[in-house]
Amino acid sequence: MAEVVSPVPGAGRREPGEVGRARGPPVADPGAALSPQGEIIEGCRLPVLRRNQDNEDEWPLAEILSVKDISGRKLFYVHYIDFNKRLDEWVTHERLDLKKIQFPKKEAKTPTKNGLPGSRPGSPEREVPASAQASGKTLPIPVQITLRFNLPKEREAIPGGEPDQPLSSSSCLQPNHRSTKRKVEVVSPATPVPSETAPASVFPQNGAARRAMAAQPGRKRKSNCLGTDEDSQDSSDGIPSAPRMTGSLVSDRSHDDIVTRMKNIECIELGRHRLKPWYFSPYPQELTTLPVLYLCEFCLKYGRSLKCLQRHLTKCDLRHPPGNEIYRKGTISFFEIDGRKNKSYSQNLCLLAKCFLDHKTLYYDTDPFLFYVMTEYDCKGFHIVGYFSKEKESTEDYNVACILTLPPYQRRGYGKLLIEFSYELSKVEGKTGTPEKPLSDLGLLSYRSYWSQTILEILMGLKSESGERPQITINEISEITSIKKEDVISTLQYLNLINYYKGQYILTLSEDIVDGHERAMLKRLLRIDSKCLHFTPKDWSKRGKW
């Protein structure tokens, strides 16, 4: 999920424990030894000077992807190792630390499966085990990872039972014990993994323990459904499954080469905004040399110059995306666009989106997809804010294929609004849904935040009836929110809410989690109003070839 134009605070920052960042103040030495031929070549690695988000100089390790000569001055396109590719840039000779240069091995080049040379194996992306696909090898079948809860060992002594057997509840804390945590206890039905339909109980204790409930998944899972994706779920045994490579828009990394690893568009002018792309997008080759690419903000057609755009605007009668407006509240509208009926607009939208999405590929065959474009209205028309696409028929319950908030509108709540709208459509369709994997780093943050807030909103809204603790199952949470059960479980694990206490599965909501959730909801001003949605789902399986 691409999200913002201006760099996000912390974007590109390494996680603790990552290596390769050189912080010394080396100075480029023009007389330093280069290659035996006396020049810096593609594939070299060396520290490069850059400014971090705190406006401080640092020297992270980078790889030279390309070299070009402009008016006798050489420029080097560098990828900072272990940093996101959106930070890649052209640098001058003065920013290179030639004293620590590392030359690529001679036998480093490997062919791709189509026989063409790929990117050099010295690059970070070629060093991961998944690079077997780049050498033409058949990808191994991902190991199925059973989703388990990290519970204490005493549960191992409990004999197995029926997974759908309901759980009975018991008290969590003694009445006179004041705790800073809110617990929900559920007696185990003698099963090593929580049941999906077992109810969870909620019981307040002395005003401190306010909420509690049991986490169990309801319908039986498919044997091959949702392993643990490294971008969306956390594996209980720490082993991430391989990314799904059969998705409608999942990028096939075997086609990665030096060309597609480099940004090819310098700047895009879209309405009143100028956007700096993050990634490669397959616009026509002749447009990649332009300082600015001009786009019509209503039909998204591209032009070589401002004069071309002005001439186009005199002929373009669109003031909103083509398709049906299915939602409007205030200045926010959503349009549903059929990729078959509006092919030109859909293709132009994909080209623009690819500038900010790295993990998804671009297909010119847009027929199997629906596009939902969010716009903001003013006196000049409906201006595109973001969009998401989905397959007309998804065999794996995907309700989103690609999702993007354009950079000028990021960090304003529009990303969560797009996600909430996708689940609102799933509710109308009577289905549970999940986004197609892998998610971008910013997309993962947005989805985790949305899942957490939505689930906590359900849990904290439970009320006691006739003195008994309220109960809820994971199945019920999934049906209320349309969030897939696997995503509900992974979110509870991510929030560290699931515990095993005296033979019972419990959810513990600490005061910090509750207070943090309440503060976050006060800031979340943009919400979808289901009363403003005018949407009738279609049965695409009965409509021939869409």
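Residues numbered from 1 in each chain as written. Predicted model: local features only at pLDDT ≥ 70, side-chain atom pairs only at ≥ 80, totals over all residues. Heavy atoms only, no water.

The name given to the chain in an unreviewed UniProt entry is Histone acetyltransferase KAT5, with Sapajus apella as the source organism. UniProt lists a comment for the chain under the heading Sequence similarities (unreviewed entry), and it reads "Belongs to the MYST (SAS/MOZ) family." (UniProt positions renumbered as here; feature names shortened; annotations may be inferred.)

K.L.:
Help me understand the UniProt feature "active site" (unreviewed entry) in the chain, please; the structure alone is not making it clear to me.
P.N.:
According to UniProt, the "active site" (unreviewed entry) feature falls on Glu436. Within the secondary structure, Glu436 is located in the loop between β19 (434–435) and α4 (441–460). (Helix = DSSP H or I, 4+ residues; strand = E, 2+ residues; numbered from the N terminus.)

K.L.:
Looking at this structure, how should I read unusual backbone geometry?
P.N.:
It is generally the case that most residues other than glycine have a negative phi and that most peptide bonds are trans. Geometrically, the link from Lys437 to Pro438 is a cis peptide bond, its omega value of 0° lying close to zero. Positive phi is not limited to glycine here, since Asp82 has a value of about 70°. Mapped onto the fold, Asp82 is located in the loop between β5 (73–80) and β6 (89–92). Of note, the phi angle at Ser482 is positive, near 65°, even though the residue is not glycine. Looking at the element boundaries, Ser482 is found in the loop between α5 (474–481) and α6 (485–494). Classification of Ser482 as buried rests on a relative accessible area of 3%. (Buried < 20%, exposed > 50% of the residue type's maximum accessible area, 1.4 Å probe, protein only.)

K.L.:
What exactly am I supposed to notice about the pattern of salt bridges here?
P.N.:
If charged atoms from side chains of opposite charge come close, those side chains can pair. Enumeration over the complete set of coordinates arrives at 19 salt bridges. The salt bridge involving Asp338 is made with Lys392; its shortest N-O contact spans 2.7 Å. Here Asp338, found in strand β14 (residues 332–338), pairs with Lys392, found in the loop between β16 (381–391) and β17 (398–400); they are 54 residues apart in sequence, far enough to count as distant. Of the two residues, Asp338 and Lys392, both sit in the buried class. Its salt-bridge partner being Glu429, residue Lys390 comes within 3.2 Å of it at the nearest N-O pair. A residue pair is termed long-range when its members are at least 10 positions apart, and Lys390 in strand β16 and Glu429 in helix α3 (residues 414–429) qualify at 39 residues. Each member of the salt-bridge network shares a partner with another, and the members are Glu420, Glu457, Arg524 and Arg527. (Salt bridge = Lys/Arg side-chain N within 4 Å of Asp/Glu carboxyl O.)

K.L.:
When you look at the sheet that holds β14 in this model, what are you seeing that I'm missing?
P.N.:
Across a sheet, paired strands are connected by hydrogen bonds in the backbone, their directions being either parallel or antiparallel. Ordered in space as β13-β14-β15-β16-β18, the five strands form an open sheet in which the pairing is antiparallel. The strands lining the two open edges of the sheet, one partner per strand, are β13 (324–329) and β18 (402–405). Each neighbouring strand pair of the sheet contributes to a mean axis angle of 20°, computed without reference to strand direction. One ladder, built from ten bridges, connects strand β15 (residues 369–378) with β16; its direction is antiparallel. Within β16, the position partnered with Thr375 by the bridge is Ile384. Taken strand by strand, α3 contacts β13, β14, β15, β16 and β18, and its axis lies near 55° from that of β16. (Pairing = 2+ DSSP bridges. Axes fitted to C-alpha atoms, helices over the stretch in contact; angles between N-to-C directions. Contact = heavy atoms within 4.5 Å.)

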